[in-house]
Amino acid sequence: MTAQTHWQAWHEPYADENSPLSRRLRLVQQHIASWLDQRSDERLTVVSACAGQGHDLIGVLASRSDAQRVHGTLLEYDAGNVTAAQAAADQAGLSNIVIRQADAGQLSSYLGAAPADLVLMVGVFGNISDADVERTVAALPRLCAESATVIWTRARRDSDLTSAVRRWLRDAGFVEQAFHAPDDVRFSVGVHRFESAPQPLDPAGTIFTFLR
Ligand SMILES: C[S@@+](CC[C@H](N)C(=O)[O-])C[C@H]1O[C@@H](n2cnc3c(N)ncnc32)[C@H](O)[C@@H]1O
């Protein structure tokens, strides 16, 4: 992680419900809620890479009567964001949500948290190199439990990587459930279901390095 971006201030546009970031959040939250509605399991697991203040998962679980069946690990590097996410989880009474201060680019950080039934890669793919996006997508079968869902985001810039991301996901054994790319904003949100065999989590290795 670099010193260029203040990752606590990065969250400020969430205070404006009309900001693109808030619109992206609502889409991600809708898909988390749909995933919960579709899964009747008594126990579900979630891992969120670069979770920030946890607005997506904590925001959904805070209003769900079935929140206690979700056991989640939020991986976040910034100490201030870890504190904010922990406070939000505590306020919502989410005792099964663990906020882990860790480098989500290291596979070792996922020990005990993966394989998970829901993997959130939200606000990750736009902050790492294209080669690291490809490497991370290829590593997802090691983070996913059987029939897991992955929710991911990526800004569409001059060179739009989203077609490649969707192809890499297909190659890694995922089937696309949804892809949102609204015309008036740069963000995109993808939802993919893992329909291949999970692979063992080899905790050695780096899947990405944050650039910004
Ligand atoms: C673009 S924000 C996304 C936050 C959150 N997922 C969201 O969408 O609201 C990226 C987050 O990644 C965190 N971060 C940066 N490098 C990281 C790393 N190596 N491991 C874990 N978190 C990291 C930052 O502190 C920041 O909170």
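Residues numbered from 1 in each chain as written. Predicted model: local features only at pLDDT ≥ 70, side-chain atom pairs only at ≥ 80, totals over all residues. Heavy atoms only, no water.

Per an unreviewed UniProt entry, the protein is named Methyltransferase domain-containing protein, and its organism is Micromonospora saelicesensis.

J.: Please provide a residue-by-residue account of the pattern of salt bridges, values included.
T.: Per the stated rule, a full pass over the model turns up nine salt bridges. Each of Asp37, Arg64, Asp66 and Arg69 takes part in one network of salt bridges that share partners. (Salt bridge = Lys/Arg side-chain N within 4 Å of Asp/Glu carboxyl O.)

J.: I'd like a rundown of the packing of aromatic side chains, residues and numbers included.
T.: Summed over the entire model, instances satisfying the criterion amount to seven aromatic pairs. Their ring planes at 40° and their centres at 6.1 Å tell us that phenylalanine 125 and tryptophan 152 sit as a pair that is tilted. Separated by 27 residues along the polypeptide, phenylalanine 125 in the loop between strand E4 (116–121) and helix H4 (130–143) and tryptophan 152 in strand E5 (residues 144–153) bring together distant segments of the chain. Residue phenylalanine 125 shares its accessibility class with tryptophan 152, and that shared class is buried. Ring pairs connect the aromatic residues Trp7, Trp10, Tyr14, Phe208 and Phe210, which therefore count as one cluster. (Phe/Tyr/Trp six-rings, centres within 6.5 Å; stacked < 30°, edge-to-face > 60°. Helix = DSSP H or I, 4+ residues; strand = E, 2+ residues; numbered from the N terminus. Buried < 20%, exposed > 50% of the residue type's maximum accessible area, 1.4 Å probe, protein only.)

J.: Describe the site of the ligand, listing the residues and the values that go with them.
T.: Taken together, 20 residues lie around the ligand, and Tyr14, Cys50, Glu76, Asp103 and Val122 are the ones closest in. Contacts to the ligand include aspartate 103, whose side-chain N or O atom sits 2.8 Å from a nitrogen atom. Within the backbone of alanine 104, one N or O atom sits 2.8 Å away from a nitrogen atom of the ligand. Isolated, the ligand exposes 600 Å² of accessible area, and the fraction of that covered by the protein chains is 98%. In terms of residue class, the shell around the ligand is made up of 11 nonpolar, five polar and four charged. (Near = heavy atom within 4 Å. Polar contact = N/O pair within 3.5 Å; in protein donor to acceptor, adjacent residues only side chain to side chain. Areas by Shrake-Rupley, 256 points an atom, 1.4 Å probe, with all protein chains shown as cover. Nonpolar A, V, L, I, M, F, W, Y, C, P; charged D, E, K, R; others polar.)

J.: Go over the environment of leucine 36 with me, naming the residues and quoting the values.
T.: Structurally, leucine 36 is set in helix H1 (residues 20–38). Separated by 82 residues in the primary sequence, leucine 36 and leucine 118 have C-alpha atoms spaced 9.6 Å apart. Apart from residues no more than four positions distant in its own chain, leucine 36 is found in contact with Leu44, Val60, Leu61, Arg64, Asp66, Arg69 and Val70. (Contact = heavy atoms within 4.5 Å.)

J.: Lay out the pairing of strand E7 (residues 189–194) with the relevant residues and their values.
T.: For a regular strand, side chains alternate in direction, first toward one face of the sheet and then toward the other. Among the six residues in E7, five count as buried, and that is most of the element. As defined by bridge partners, E5 adjoins E7 across five bridges and the pair is classed as antiparallel. Within the sheet, the bridge partner assigned to threonine 149 lies in E7 and is arginine 193. Two elements, strand E6 (residues 174–180) and E7, share six bridges in a ladder whose sense is antiparallel. Directly across from phenylalanine 174, in E7, lies its bridge partner phenylalanine 194. (Pairing = 2+ DSSP bridges.)

J.: Could you give me a rundown of the sheet that holds strand E3 (residues 97–101), with the residues and numbers involved?
T.: Ordered by their spatial adjacency, seven strands build an open sheet running E3-E2-E1-E4-E5-E7-E6, and the pairing between neighbours is mixed. At either margin of the open sheet sits one strand with a lone partner, and together these are E3 and E6. Averaged over all pairs of adjacent strands, the angle between their axes in this sheet comes to 15°, without regard to strand direction. Note that strand E1 (residues 44–49) and E4 share three bridges and pair parallel. When the sheet's bridge partners are listed, serine 48 is paired in E4 with leucine 120. In the packing of helix H3 (residues 79–91) onto the sheet, contacts are made with strand E2 (70–76) and E3, and the angle to E3 comes to roughly 170°. (Axes fitted to C-alpha atoms, helices over the stretch in contact; angles between N-to-C directions.)

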